[in-house]
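Each chain is listed here by its residues.
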Amino acid sequence: MNRKFETNSKGHLVLGGVDAVELAKEYGTPLYVMEENTILSAMREYKASVDRFYNGNGLICFASKAFSCKEIYRIAMREGLGTDVVSGGELYTALSVGFPAEKICFHGNNKSDKELEYAVTSGVGRIVVDNAEELERLSKIAKKLGKTAPVMIRVKPGVDAHTHNFIMTGQIDSKFGFALETGEAMDIVKKTLDTPDVRLVGIHCHIGSQIHEMLPFTETAKIMMKFIADVKKETGAELDELNLGGGFGIIYTDEDKRIEYLSYMEAVSKVIHECADSMKLKLPFILMEPGRSIVGEAGTTLYTVGAVKTIPKIRTYVSVDGGMFDNPRYILYGAKYDFLLANKADKPADRKVTVAGKCCESGDLLGENVELGNAESGDICAVFSTGAYNYSMSSNYNRNVIPPVVFVKDGKSRVVVKPQTYEDLVRNDI
Ligand code: LLP
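Residues numbered from 1 in each chain as written. Predicted model: local features only at pLDDT ≥ 70, side-chain atom pairs only at ≥ 80, totals over all residues. Heavy atoms only, no water.

Asks: In this structure, what is going on with the packing of helix α6 (residues 132-145) against helix α7 (residues 184-194)? I would like to understand it.
Replies: A packed helix pair is summarised by two numbers, namely the angle formed by the two axes and the spacing between the axes. Closest axis-to-axis distance for the α6/α7 pair is 11 Å, and the angle between their directions is 10 degrees. Relative to α7, α6 is oriented roughly parallel. Facing Ala132, Leu135 and Glu136 of α6, the residues of α7 in contact are Ile188, Lys191 and Thr192. For the contact of α6 with α7, the per-class residue count stands at three nonpolar, one polar and two charged. (Axes fitted to C-alpha atoms, helices over the stretch in contact; angles between N-to-C directions. Helix = DSSP H or I, 4+ residues; strand = E, 2+ residues; numbered from the N terminus. Parallel < 35°, antiparallel > 145°, perpendicular 65-115°, else oblique. Contact = heavy atoms within 4.5 Å. Nonpolar A, V, L, I, M, F, W, Y, C, P; charged D, E, K, R; others polar.)

Asks: Teacher, can you tell me more about the nonpolar core here?
Replies: Nonpolar side chains tend toward joint burial in soluble globular proteins. Phe67, Ile153 and Val295 are the most contacted members of the largest nonpolar core, which totals 89 residues. Phenylalanine 67 has contacts with Met34, Phe62, Ile72, Val295, Gly387, Tyr391, Ser392, Val405 and Phe407, leaving out every residue within four places of it along the chain. (Core = buried A, V, L, I, M, F, W, Y, C linked by side-chain atoms within 4.5 Å. Buried < 20%, exposed > 50% of the residue type's maximum accessible area, 1.4 Å probe, protein only.)

Asks: Explain the pairing of strand β20 (residues 405-409) to me, please; I cannot follow it from the model alone.
Replies: For a regular strand, the rule is simple: side chains alternate between the two faces of the sheet. With four of five residues buried, β20 lies mostly within the body of the structure. Pairing of strand β4 (residues 31-35) with β20, which is carried by four bridges, proceeds in the parallel orientation. Residue pairing for β20: valine 33 is matched across the bridge by valine 406. Where β20 meets strand β21 (residues 412-417), five bridges bridge the pair, whose relative direction is antiparallel. (Pairing = 2+ DSSP bridges.)

Asks: Would you explain the site of the ligand in this entry?
Replies: Surveying the vicinity of the ligand reveals 19 residues, the closest of which are Ser209, Glu289, Arg292, Arg329 and Tyr389. At 2.5 Å, a side-chain N or O of arginine 329 approaches an oxygen atom of the ligand. Contact distances for the ligand include 2.8 Å between a nitrogen atom and a side-chain N or O atom of tyrosine 333. Relative to its free-state accessible area of 590 Å², the ligand is covered by the protein chains to the extent of 91%. Here the residues of the shell around the ligand are counted per class, giving six nonpolar, seven polar and six charged. Viewed by domain, the shell around the ligand spans two of them, domain 1 (6-35 + 296-418) and domain 2 (36-295), each represented by three or more residues. (Near = heavy atom within 4 Å. Polar contact = N/O pair within 3.5 Å; in protein donor to acceptor, adjacent residues only side chain to side chain. Areas by Shrake-Rupley, 256 points an atom, 1.4 Å probe, with all protein chains shown as cover. Domains from an automatic or database assignment.)

Asks: Looking at this structure, I do not really get the domain arrangement of the protein chain. What am I missing?
Replies: It is common to report an interface's size as the accessible area lost on association of the parts. Along its sequence, the protein chain is organised into domain 1 (6-35 + 296-418) and domain 2 (36-295). Taken together, the contact between domain 1 and domain 2 spans 26 residues of the former and 24 residues of the latter. Between domain 1 and domain 2, roughly 2300 Å² of surface is buried when both sides are summed, and carbon and sulfur atoms account for 54% of that area. Contact with domain 2 buries area across many residues of domain 1, yet Glu297, Tyr333 and Tyr389 alone supply 25% of it, more than any other trio. In this structure, the connection of domain 1 to domain 2 is made through three salt bridges. Between arginine 414 and glutamate 36 there is a salt bridge, with its nearest N and O atoms 3.0 Å apart. Linking domain 1 with domain 2 are 17 residue pairs in polar contact (both at pLDDT 80 or more), by the criterion used here. Taken together, the elements giving at least two residues each to the side of domain 1 that touches domain 2 come down to β4, α11 (329-333), β20 and β21. Residue contributions to the side of domain 1 that touches domain 2 peak at four residues, all from β20. (Buried area = accessible area lost by both parts, 1.4 Å probe. Salt bridge = Lys/Arg side-chain N within 4 Å of Asp/Glu carboxyl O.)

Asks: Looking at this structure, how should I read the sheet that holds strand β1 (residues 6-7)?
Replies: A sheet is described by the order of its strands in space; here three strands give the open sequence β1-β2-β3, paired in antiparallel fashion. Looking at which strands have only one partner, the edges of the open sheet turn out to be β1 and β3 (18-19). In this sheet, β3 lies alongside strand β2 (residues 13-15) in antiparallel orientation, the contact comprising two bridges. Bridged to valine 14 within β3 is aspartate 19.

Asks: Is there a simple way to explain the packing of helix α8 (residues 215-235) against helix α9 (residues 261-278) in this structure?
Replies: Interhelical geometry of α8 versus α9 gives an angle of 25 degrees and a closest axis separation of 9 Å. By the angle class used here, α8 and α9 are roughly parallel. At the point where α8 passes α9, the crossing takes the right-handed sense. Listed contacts from α9 to Phe217, Thr218, Ala221, Lys222 and Met225 of α8 are Tyr264, Ala267, Val268, Val271, Ile272, Cys275 and Ala276. Considered class by class, the residues forming the contact of α8 with α9 number ten nonpolar, one polar and one charged. (Left-handed = near helix turned anticlockwise from the far one by under 90°.)

Asks: Is there a simple way to explain the side chain of glutamate 79 in this structure?
Replies: Looking at the secondary structure, you find glutamate 79 in the loop between α3 (70-78) and β6 (82-85). Residue glutamate 79 is classed as buried on the basis of its relative accessible area, which comes to 16%. Beyond its immediate stretch of four places on either side in the chain, glutamate 79 contacts Leu40, Met43, Arg44 and Lys47.

And the structure:
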């Protein structure tokens, strides 16, 4: 693997200035470790590019489905970001630390009345409407609460972003949003303009996740601007806001190539400015919802190696004390990761092994045919780029407890999510 990582004089992996083996000793394993400076620089880079390319006329909303806990909302809030939430639970967590409601976008293809009421009562800045029936429910709820609900419409721009099928949401056959080419999107825009107790602020799209090419993003920007122009032509209404979603790819393994956010921001903003000029539109307020690219590479999961089983002529299974309950991305998507023995970080990774989880399920693997050093029981195995969609997708399968999350920065560590306990597991059992 070509990944660069830091080691110390003991030959141990170092994360955020802290010896990873010491972290494992202090907090136990499995352990989610997040490098805070990586998160901060990604947030700052995004924010600075909004200032630079849109004159500050925009908002970066951290897509908290990638990683949701109180501390990340505090950090996003301090850094002047907004956030995207997709459930009452995420909304509750954000509001519980005083996140400004007007900087929250509320998403979901099937929001309940309870969630809509919660969003309207809390004064959420943008509710992204995903279907016609939801618009009607929202209008009734807003009326009942004596409020006007700010609405964005989720549009399917029909862009194929060449990504994994499970995480591709922009194409026409998707449970999310309204299609452009069928006229559905225009119909709902008109309907929203005529619906009482809601206020149409703009349109939203999200074309998929872990995208490494620029073209799908610039094409989408063009399509969305053209739609704003069409809406103006057909209804006379000029929409104020355009939300371009998230989806920027990160580095998991050598197979991935990085899009520099700055060049992405520059290319997309160029399209938006050109379209605004040629279509005689005002420049919309731009929202973006990066999730993975803010937290993904910040995260490393540490495990302890237990059983090492070699099946002659077939493969070696290196079993660790975590698995699909802390990282379901291999079993769900066949996701690939880089692995390293944190206590032997200076030794060559000269074997190919299968890293297995501890769940009672043959498919519970973390990686197949991955490069690793000579793994022995008691070694600490690190898996990189696990900051996004790992903790947030964890579960209690097999009644395993969800590991704690520790932030590391400038040689210091602190717990931001405490470990679950067995008592937590039975807390709601009758
Ligand atoms: N905005 C919307 C409306 C979204 O649906 C998503 C992701 C994002 C923003 C953030 O996308 P990001 O920048 O993180 O790519 N569990 C999958 C990823 C699912 C993504 C769902 N939506 C995974 O582990 O790869």
